[in-house]
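Inside the fold
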Amino acid sequence: MVYRSGMLRLHDTMTNTVRPLGLRDAGKVSIYACGPTVYDLPHIGHGRYVLVWDVVRRFLISQGLEVTFVSNITDIDDHIIERAAEHGRTEQDVAQEFEAAWFSAMDLLSVLRPDATPHATAFIPGMVALLERLLATGVAYQTSDGVYLDVAMIADYGVLAGQPLDQLRAGARIEAHPEKRSPLDFALWKAAKPGEPTWEAPFGAGRPGWHTECVVMSLDLLGEGFDLHVGGQDLKFPHHENERAQAVGDGKVFATHWAHSGWVVVDGEKMSKSLKNFTSLTDLLVRCDARAYRLLCLQSHYRAPVEVTPETIAQAEAALQRLDNLARRFRLTPLGPEPVVLADFAVDPELLQTFVEAMENDLDTPRAFASLALAVSAANASADAGDEAAGTALAQSVAVLLASLGISLRSGLGDIDDNAQSLARSRDEARAAKDWAAADRMRAELEALGYTVEDRNGETSLSRRGPFGD
Ligand SMILES: [Zn+2]
């Protein structure tokens, strides 16, 4: 019997409540995630939010739902223009380089590629048409430097910020722009400046504002009333508020549920002492097992901050090692990184129910992991007590559920070279013969080769030492 309630309850920023994710079309989920502006390498904060939404997506797929996941690339903006000018390159060249860097980091993290990756520059006609409509109805107005949205025209402006318009207005920085009606009004279109890429439009040549891209691309690709709009907490206001304001101003039903993920906390001082460029995701991923970063992120609730330090990464690597040891002990078949549909596997019913209930309760991954940790202990205990079959069944269940979160266990000694493997077996023989001196010498040799050596169930267990030593 497969436990499946199929009702994910997620915090909705708009209502500030945890409520069921309603689906516009039965059995199908449409999700839009704001993607990167490609002018630099991704940082670890990017890694965290993409992992959160990758897990939401994988979880929904694991429940048998058909998910359409759209995530854009902002390939024109101030940063890209600046970077191109600094290095004497074209904007397109800069954007292509960092888009490639983005996806190679995402691939390392086993983040599923979006079903569609719209590029802002490919949707300019749709943006121009939206602005023409907003100008025609007076929701937007023209100034000498572009087109702005008049936030006073949007009845519930501030709903995502969680503050009414007058409060937002009181807190807004007063800027010297005599043509703007309110400091909160935001640019939909930036009038052409010499040397910048521009597109023709009836209201004057220029380029789109950032907030205009996502509203056009999400509605174009997912249609009105799509199910879920996600992003990092920092996008809630003003970016998401402003996306929504344009849709509302255009008389469209926008996303019906909004979810936001928490920050990454880095102890900057510690970082700079021990590591260079630790805040670059690309850099982190060459130093540690990418699965450990996923594990670290999932050990915190997605709305809570995650602390990334050499210690927390090392702890996640150690936890991962225990899980890999389980896969090794029970010689489990590797799964993933492709999405897993849970109904296709035999999973321990009790564990499945606890796990799914935790996930459905606002994606409570810490509780889901706690249930997996208990199952790991129980699997080992069963096998220790001689019930290999019960242990294997439970271990396999753990591996399936981890794969549903995008964590593939490694049961082989794939990343351990033959020399080290044969040394480990020789050490086992020495230990069996009670030749402790030889066993210790071989342990030292293995450690010198960069392996962590553990004794598990009378066997030498090897893993590659973490990037920060152990
Ligand atoms: Zn966006």
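As the structure is a prediction and not an experimental result, all values here were calculated from the model. (Residues numbered from 1 in each chain as written. Predicted model: local features only at pLDDT ≥ 70, side-chain atom pairs only at ≥ 80, totals over all residues.)

So, about the overall build of the protein chain. Of regular secondary structure, the protein chain possesses 16 helices and 14 strands. Considering only C-alpha atoms, the protein chain reaches an extent of 85 × 55 × 35 Å along its principal axes. Partitioning the intrachain contacts of the protein chain with sequence separation of at least 6 by distance along the chain shows that 74% fall at a separation of at least 24. (Helix = DSSP H or I, 4+ residues; strand = E, 2+ residues; numbered from the N terminus. Contact = placed C-beta atoms within 7 Å.)

Attention now moves to the sheet that holds strand 8 (residues 206–208). The 4 strands are arranged 5-6-7-8 in an open sheet whose pairing can be described as antiparallel. Both edges of this open sheet fall to strand 5 (140–143) and strand 8, since each of them pairs with a single strand only. The average undirected angle you get between the axes of adjacent strands in this sheet is 25°. Packed onto the sheet, helix 4 (residues 124–136) meets strand 5, strand 6 (146–149), strand 7 (186–191) and strand 8 and runs at close to 100° relative to strand 5. (Pairing = 2+ DSSP bridges. Axes fitted to C-alpha atoms, helices over the stretch in contact; angles between N-to-C directions.)

Let's shift gears to the domain arrangement of the protein chain. According to the domain assignment, the protein chain contains domain 1 (9–261) and domain 2 (418–464). A C-alpha centroid distance of 54 Å is found between domain 1 and domain 2. (Domains from an automatic or database assignment.)

To continue, consider the environment of Ala375. Topologically, Ala375 is positioned in helix 13 (residues 365–384). Apart from residues lying up to four places away in sequence, Ala375 is in contact with Leu351, Leu394, Ser397 and Val398.

Side-chain alternation along strand 10 (residues 258–261) places Trp258 and His260 on one buried face and Ala259 and Ser261 on a second face that is also buried. Summarising the sheet, strand 9 (residues 228–232) and strand 10 pair through 4 bridges and their orientation is parallel. Looking across to strand 10, one finds that His229 is bridged to Trp258. Following the backbone out of strand 9, through helix 7 (residues 236–249) and into the adjacent parallel strand 10, one traces a crossover that is right-handed. (Buried ≥ 20, exposed ≤ 12 C-beta atoms within 10 Å, placed from the backbone. Right-handed = clockwise from strand over helix to strand, strands pointing away.)

A word on the packing of helix 6 (residues 210–222) against helix 7. Contact geometry of helix 6 with helix 7 gives a least axis separation of 8 Å together with a crossing angle of 60°. Taken together, the axes of helix 6 and helix 7 lie oblique to each other. Crossing geometry of helix 6 relative to helix 7 is assigned as right-handed. Of the residues in helix 7, those in contact with Trp210, His211, Thr212, Cys214, Val215 and Leu219 of helix 6 are His239, Asn242, Glu243, Gln246 and Ala247. When its residues are assigned to classes, the contact of helix 6 with helix 7 shows 5 nonpolar, 5 polar and 1 charged. (Parallel < 35°, antiparallel > 145°, perpendicular 65-115°, else oblique. Left-handed = near helix turned anticlockwise from the far one by under 90°. Nonpolar A, V, L, I, M, F, W, Y, C, P; charged D, E, K, R; others polar.)

Taken as a whole, the protein chain shows an average pLDDT of 90; of its residues, 93% reach a score of 70 or greater. Ignoring residues within four places in sequence, the model shows residues 268–277, a span with pLDDT below 50, making 6 contacts including any to other chains. Throughout residues 466–470 the model reports pLDDT below 50, and contacts reaching past four residues in sequence, or to other chains, amount to 11 contacts. (pLDDT = per-residue confidence, 0-100.)

In a regular helix each residue adds 1.5 Å, so 13 residues correspond to 18 Å; helix 16 (residues 436–448) covers 18 Å between its end C-alpha atoms and thus fits that length. Those residues of helix 16 not exposed but buried are Ala439, Met442 and Leu446. One face of helix 16 carries all of its buried residues, which in axial projection span an arc of 65°. Facing away from the buried side of helix 16 by more than 90 degrees, the exposed set consists of Ala437, Ala444 and Ala448. Downstream of helix 16 by a residue or two, Gly450 has a phi angle that is positive, lying close to 100°. (Expected span 1.5 Å × (residues − 1). Arc of directions from axis to C-beta.)

Within a sheet, each strand pairs with its neighbour through backbone hydrogen bonds, oriented either parallel or antiparallel. Strand order in this open sheet of 4 strands is 4-3-9-10, and the pairing throughout is parallel. Of all the strands in the sheet, just strand 4 (66–71) and strand 10 have a single pairing partner and so form its edges. Sheet twist, expressed as the mean angle between neighbouring strand axes with direction ignored, is 20°. Each of strand 3 (28–33), strand 4 and strand 9 touches helix 6; the most contacted strand, strand 4, lies at about 155° to it.

Contact geometry of helix 4 with helix 6 gives a least axis separation of 9 Å together with a crossing angle of 105°. Overall, the two elements helix 4 and helix 6 adopt an arrangement that is roughly perpendicular. Note on element contacts: helix 6 touches helix 4 through Thr212, Glu213, Val216 and Asp220, opposite Gly126, Met127 and Leu130.

To continue, consider unusual backbone geometry. Cis geometry is found at the peptide bond from Phe237 to Pro238, where omega equals 0°. Among the secondary structure elements, Pro238 is positioned in helix 7. The omega angle of the peptide bond from Gly336 to Pro337 is 5°, so this bond is cis rather than trans. As for its placement among the helices and strands, Pro337 is situated in the loop between helix 11 (310–329) and helix 12 (349–360). Although it is not a glycine, Ser110 adopts a positive phi angle of roughly 60°. Along the polypeptide, Ser110 turns up in the loop between helix 3 (91–108) and helix 4. Judged by the 18 C-beta atoms lying within 10 Å of it, Ser110 is partly exposed. Here the phi dihedral of Arg331 falls at roughly 50°; this positive angle occurs in a residue that is not glycine. When you line up the elements, Arg331 lands in the loop between helix 11 and helix 12.

Glancing now at the environment of Tyr451. Among the structural elements, Tyr451 can be located in strand 13 (residues 451–456). In this structure Tyr451 comes out as buried when scored by C-beta crowding, with 21 C-beta atoms within 10 Å.

With 5 of 6 residues buried, strand 3 lies mostly within the body of the structure. Relative to strand 4, strand 3 runs parallel, the two being bridged by 6 bridges. Directly across from Ile31, in strand 4, lies its bridge partner Phe69. Between the parallel pair strand 3 and strand 4, the chain is carried across by helix 1 (residues 44–62), and the sense of this crossover is right-handed. For strand 3 and strand 9, the ladder comprises 3 bridges, and the chain directions are parallel. Residue pairing across strands places Ala33 opposite Val230, the latter belonging to strand 9.

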